[in-house]
Amino acid sequence: MINNKLPKIWYGGDYNPEQWNDETMEEDIRMFQLADIDVATVNVFSWASIQPNEDTYNFEKLDQMINRLHQDRISVCLATSTGAHPAWMAKRYPDVTRVDYEGRKRKFGGRHNSCPNSPTYRKYAKLIAGKIAERYKDHPALVAWHISNEYGGYCYCDNCADAFRSWLQQRYGTIEGLNKAWYTSFWGHTFYDWDEIVTPNALSEEWGGNRTNFQSISLDYRRFQSDSLLECYLIEYDEIRKHSANIQITTNLMGTYPELDYFKWAKHLDVVSWDNYPSIDTPVSYTAMTHALMRGLKSGQPFMLMEQTPSQQNWQAYNALKRPGVMRLWSYQAVAHGADTVMFFQLRRSIGACEKYHGAVIEHVGHEHTRVFRECAELGHELTALSDKLIDSRIDAKAAIVFDWENRWAVELSSGPSIALKYVDEVHKYYDALFELNIQTDMISVEESLEQYDLVIAPVMYMIKPGFAEKVEAFVQRGGTFITTFFSGIVNETDIVTTGGYPGKLRKVLGIWAEEIDALLPGQQNQIVMNNVYGALSGTYTCNLLCDLIHSEGAEVVAEYGSDFYKGMPVVTVNKFGKGEAWYIASSPDEHFLKGLLTNICQDKGIESLLDTPTGVEVTRRNKDGKSFTFILNHNSEAAELQLGAEPCTDLLTGELVSGTYRLAAKGVLIIEK
Ligand code: GLA
Ligand code: ZN
């Protein structure tokens, strides 16, 4: 449990009363009561107000705010305020500001703007985190620590360059080791001294954000910057832990955010928390996948939904309102995938600067008679009624998809075969197919044990880390089904090709080898021609993006390419290996093929769909103490008809018994307890 002081789904969110007067705060608290809001995340961007200069700290306002919230039983998720440094600090100590990708030294401005290797930033972040922890550690309102805010972005300053060189020395030991790992004999890049190495940005190896001349250098810089920010987080973490032994510590993550290796970070978070901001047109299965990924960061442990908007964002191009019922539906979607909190950014709208048009529980009109407030209050009452029923319940999945940030960096830094290859999109295709089938799916790291799974899918597993191929072999040997795709098994951790035929270390388990890789133009397709009827699959499907030209070395050829000079070569193969089988999908298939393939495999393996539902109706299940809670979420704009089976079960939200044919309203939510 995140904190047993509050054994229910926490409800609340970011709250910035430093932006308004005391009377307004009184009004806010009155309205929080009306909506059953019980947690406020405070002090996220208050560094400048707490520390007006180098030697002065002033906690008076924060004391008052926390005490006032506590008086009305509102708990506090307390942030350390280091998400934006004060202006005086940037003026006095220019090392706190970053150097950007173009090599420009930044001035004061924005937020999430500190150089992670700035001695000044590290010193003062440590100090303020320690002071806050010491002061509030025993405050009865405190339920969680929130370090900084949405860590991200890279810096290319001289302090970072120095730290990068030390990081490299640690990693490679000798300059010869580095030259070998990076393949610097290419384009005369041999380094003789560590200080010849510069940061890879638009002034050196890179352009356009992720185009590079030297993948190994760029890859290591991403690892290094992710580690540097993680060190900043850890500096604060350790300070807090010195004073506060038992309160859980987190920092809010951003789902599939590209720049940080969240699997590495999550090892240092007591509880994962994340900020969910889908657009009106984000596929529902993408949001579902992201929740599953956040759950997977700590091997299935429940997570916090730290932020979502009650109505709209401000930072998208077109900030559509969440339609009536959608905020509730998406809140339950988070819970359905393992969230134990439902929190918003923000509880009251600011009236100045760039977030004044960002949705809030309390709108600019300032009273409770708004659509958004009514919807928030209704949800608040429901969550209160749910009490601790769902808290700490777990998801039991037999299917897993492997996700890896370093692999993603390598794939997207690759020069060739296609700029259209987007790792997350390929992963999502597979997740989406399982989602359509209502098959519960975990998103796991390459380090995760595969033992609990029957089906493991590793789309575009381009980079093979030590031990991964062996783990896959053991998994298949024991009877597991493994699926991987084109552009897999190609390189090692420093992006050096494994010679002797792709897919390198996965070749044995897959029983194929790939000779060439063709990149298709936008709009161009090839075909997947089935050799036989295979369960739900027969006839011809389409594929695009990349086509591996493969040869079987024992794998059964399930389908062949339908056109071009490689017509008749295998495109889908399955290799029997030990008690299991390993599939290779040599191109990017259409959704019908994937749905058919996964239907077959799940049927063969006895991986059951949770419920047969119309398209657009999502199903997940959480279990606890021998009970199961099945979430049925209707994302459609029309009611959906469900067949619940003969046995009457409790509808958790109404307490009524449900069975047989059931009509779930548009955007409706049903949670069945069994
Ligand atoms: C992020 C931040 C918040 C706020 C929201 C707006 O999630 O953490 O401070 O800016 O975005 O969507
Ligand atoms: Zn820097």
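Remember, it's a predicted structure, so these values are computed and weren't measured experimentally. Every chain is numbered on its own, with residues counted from 1 as its sequence reads. The naming scheme follows written order: chains are lettered A onward, ligands numbered 1 onward. Only residues with pLDDT of at least 70 get local features here, since the model is predicted, and only at 80 or more are side-chain atom pairs given and counted; chain-wide, interface and lining totals rely on the full set of residues. For side-chain calculations, the full set of non-hydrogen atoms in the structure is used, while hydrogens and water are omitted.

Visitor: Help me get a handle on the packing of helix 10 (residues 284-296) against helix 14 (residues 423-436), residues and values and all.
Guide: Axis separation between helix 10 and helix 14 bottoms out at 9 Å; the angle between their running directions is 100°. Accordingly, the angle class assigned to the pair helix 10 and helix 14 is roughly perpendicular. Between helix 10, through Val284, Ser285, Tyr286, Ala288, Met289 and Ala292, and helix 14, the contact on the second element is made entirely by Val424, Val427, His428, Tyr431, Asp432 and Phe435. Following the grouping adopted for this structure description, the nonpolar residues are Ala, Val, Leu, Ile, Met, Phe, Trp, Tyr, Cys and Pro, the charged ones are Asp, Glu, Lys and Arg, and the polar ones are all others, Gly among them. For the contact of helix 10 with helix 14, the class distribution of residues is 9 nonpolar, 2 polar and 1 charged. Throughout, an axis means a line fitted to C-alpha atoms (over the contacting stretch in the case of helices), and angles, computed between N-to-C directions, take values from 0 to 180 degrees. A run of DSSP states H or I qualifies as a helix once it reaches four residues; a run of E qualifies as a strand once it reaches two. Both are numbered from the N-terminal end. The scheme is simple: roughly parallel for angles under 35 degrees, roughly antiparallel for over 145, roughly perpendicular for 65 to 115, oblique for anything else. Any two residues whose heavy atoms approach within 4.5 Å at even a single point are treated as in contact.

Visitor: Explain the coordination of the zinc ion (ligand 2) to me, and be specific about the residues and the numbers.
Guide: Here the zinc ion (ligand 2) is held by the protein donor atoms Cys115 (SG), Cys155 (SG), Cys157 (SG) and Cys160 (SG), which lie 2.2 to 2.3 Å from it. In this structure, the zinc ion (ligand 2) is coordinated by 4 donor atoms arranged in tetrahedral fashion, with angles at the metal of 102 to 115°. Between buried and exposed lies partly exposed: a residue is buried under 20% and exposed over 50% of the maximum accessible area for its type, with that area taken using a 1.4 Å probe on protein chains only. Its relative accessible area of 0% is what places Cys155 among the buried residues. Each metal site is built from N, O and S donor atoms within 2.8 Å (3.2 Å for Na, K and Ca), and since water is not included, such sites may look incomplete. Four donors are marked tetrahedral only if all angles between them lie between 85 and 135 degrees, whereas four are marked square planar and six octahedral if opposite donors are more than 155 degrees apart and the other angles lie between 65 and 115; the remainder are marked irregular.

Visitor: Hey, could you go over the pairing of strand 1 (residues 10-14) for me, with residue numbers and the actual values?
Guide: A large share of strand 1 lies buried, amounting to 5 of its 5 residues. Pairing between two strands is assigned when DSSP locates at least 2 bridges connecting them. With 4 bridges connecting them, strand 1 and strand 11 (residues 339-344) associate as parallel partners. Bridging across to strand 11, Tyr11 finds its partner in Val342. By the bridge criterion, 3 bridges tie strand 1 to strand 2 (residues 39-42) in an arrangement that is parallel. Note that in strand 2 the partner of Asp14 across the bridge is Thr41. Convention used here: a crossover is right-handed provided that the path from the first strand, over the helix, to the second strand proceeds clockwise when the strands point away from the viewer. Considered for its hand, the β-α-β crossover made up of strand 1, helix 1 (residues 22-34) and strand 2 is right-handed.

Visitor: Lay out the pattern of salt bridges with the relevant residues and their values.
Guide: Here, a salt bridge means any side-chain nitrogen of Lys or Arg that lies within 4 Å of a carboxyl oxygen of Asp or Glu. Applying the stated criterion to the full structure yields 38 salt bridges. Between Asp227 and Lys264 there is a salt bridge whose closest N-O contact spans 3.0 Å. Of this pair, Asp227 sits in helix 8 (residues 215-243) while Lys264 is found in helix 9 (residues 262-266), placing the two residues 37 residues apart along the sequence. When its relative accessible area of 13% is taken as the criterion, Asp227 is described as buried.

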